[in-house]
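# Fold and geometry: a report
Take a look at the letters that make up each chain.
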Amino acid sequence: MHDHFRPGPAQLPPPPHSRVQTRDADPRVRIGDAERDRVIDQLADHHAAGRLTLAEFEDRMAAAQTARTGADLAVLTADLPAPTASPASRSPAGPAARRLLDLDPAIRTYLAVMALLWLIWLASAVVNGASYPWPIWPMLGWGIGVAGKHRRDPARPAP
């Protein structure tokens, strides 16, 4: 008959030991291929923007591939501006660009490095005359590995 106000249980914050820690919270936590690929993609963007020379990009990319912890990766991008996430700069021009951005980070890294190798070859061919197309060998070797990984990966979504 009488409606009485009954307060619900108090909402208390979870105790500190039960909070889920993110991977970025502790730089001593070991990292995986996805984190390495993300930093390599960022380094490639900074190289394309002219913030890194080719030698710096290659050195940092090699260091990123052998990094073991978040601190190892943080050192590689500490002197570079944070990546921008503005919708205007990240929106691709067309469907082909959208498909490229939807690719696995390992494939994007492969394509970026192969493009860089072919550009180096092209620049040397212009300066020294046409030469043997040596980028075909890393392209084939690494490409077979990338393709094999994606054929074996059952967690990969179907196209």
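This write-up is about the structure you can find in this document. (Residues numbered from 1 in each chain as written. Predicted model: local features only at pLDDT ≥ 70, side-chain atom pairs only at ≥ 80, totals over all residues. Heavy atoms only, no water.)

### Some thoughts on the overall build of the protein
Scanning the protein from terminus to terminus reveals seven helices and zero strands. Each helix and strand of the protein, ordered N terminal to C terminal, gives the series α-α-α-α-α-α-α. In the protein, which comprises 159 residues, the proportion classed as buried is 22%. For the protein, contacts bridging at least 24 residues in sequence account for 56% of all contacts bridging at least 6. Accessible area for the protein stands at about 12,000 Å²; split by element, carbon and sulfur atoms hold 63% of it. (Helix = DSSP H or I, 4+ residues; strand = E, 2+ residues; numbered from the N terminus. Buried < 20%, exposed > 50% of the residue type's maximum accessible area, 1.4 Å probe, protein only. Contact = heavy atoms within 4.5 Å. Areas by Shrake-Rupley, 256 points an atom, 1.4 Å probe, with all protein chains shown as cover.)

### Re the pattern of salt bridges
A complete count under the given rule lists three salt bridges for this structure. Note that R60 is salt-bridged to D79, the shortest N-O span being 2.9 Å. Pair noted here: R60 is in helix α2 (residues 54-66) and D79 is in the loop between α3 (70-77) and α4 (87-90), with a separation of 19 residues, a long-range link. Its relative accessible area of 15% is what places R60 among the buried residues. A relative accessible area of 54% places D79 in the exposed class. (Salt bridge = Lys/Arg side-chain N within 4 Å of Asp/Glu carboxyl O.)

### Considerations on the packing of α2 against helix α6 (residues 105-128)
Between α2 and α6, the least distance of the axes is 13 Å, while the angle of their chain directions is 145°. Where α2 crosses over α6, the handedness of that crossing is left-handed. In contact with L54, F57, E58 and M61 of α2, α6 contributes V113, L116 and I120. Here the residues of the contact of α2 with α6 sort into six nonpolar, no polar and one charged. (Axes fitted to C-alpha atoms, helices over the stretch in contact; angles between N-to-C directions. Left-handed = near helix turned anticlockwise from the far one by under 90°. Nonpolar A, V, L, I, M, F, W, Y, C, P; charged D, E, K, R; others polar.)

### Observations concerning the nonpolar core
Nonpolar side chains in soluble globular proteins tend to end up buried together. Formed by 19 residues in total, the largest nonpolar core has its most connected members in L43, F57, A64 and L73. Of all the secondary-structure elements, those providing two or more residues to this core are α1 (33-48), α2, α3 and α6. Among the elements that line this core, the one with the most residues is α6, at five residues. Ignoring sequence-local partners within four residues, the contact set of F57 consists of I40, L43, A44, H47, L52 and L116. (Core = buried A, V, L, I, M, F, W, Y, C linked by side-chain atoms within 4.5 Å.)

### Section: the environment of H46
With respect to the secondary-structure elements, H46 resides in helix α1. Sequence-wise, H46 and L80 are 34 residues apart; in three dimensions their C-alpha atoms are separated by 7.7 Å. Residue contacts for H46: discarding those within four places in its chain leaves R51, L52, L80 and P81.

### Section: α6
The terminal C-alpha atoms of α6 lie 34 Å apart, and with 24 residues this matches the ideal 34 Å at 1.5 Å per residue to within 8%. The set of residues buried in α6 consists of A106, T109, Y110, V113, M114, L116, L117, W121 and A125. Residue G129 follows α6 closely and has a positive phi angle near 90°. (Expected span 1.5 Å × (residues − 1).)

### Description of a nonpolar patch on the surface
Residues Y132, W134, W137, L140 and I144 make up a contiguous nonpolar surface patch of about 580 Å² in total accessible area. As for its placement among the helices and strands, W134 is situated in the loop between α6 and α7 (136-152). (Patch = residues over 30% accessible without salt bridge, like charges linked within 9 Å, V, L, I, M, F, W, Y side chains within 5 Å.)

### Focus on the environment of M61
Following the sequence through the fold, M61 ends up in helix α2. Considering only alpha carbons, one finds M61 and D37, 24 residues apart in sequence, at a separation of 9.4 Å. Excluding its chain neighbours within four sequence positions, the residues that come into contact with M61 are I40, L43 and V113.

### Focus on the side chain of T69
Along the polypeptide, T69 turns up in the loop between α2 and α3. For T69, the contacting residues outside a window of four places in its chain are P27, R28, V29, R30 and I31.

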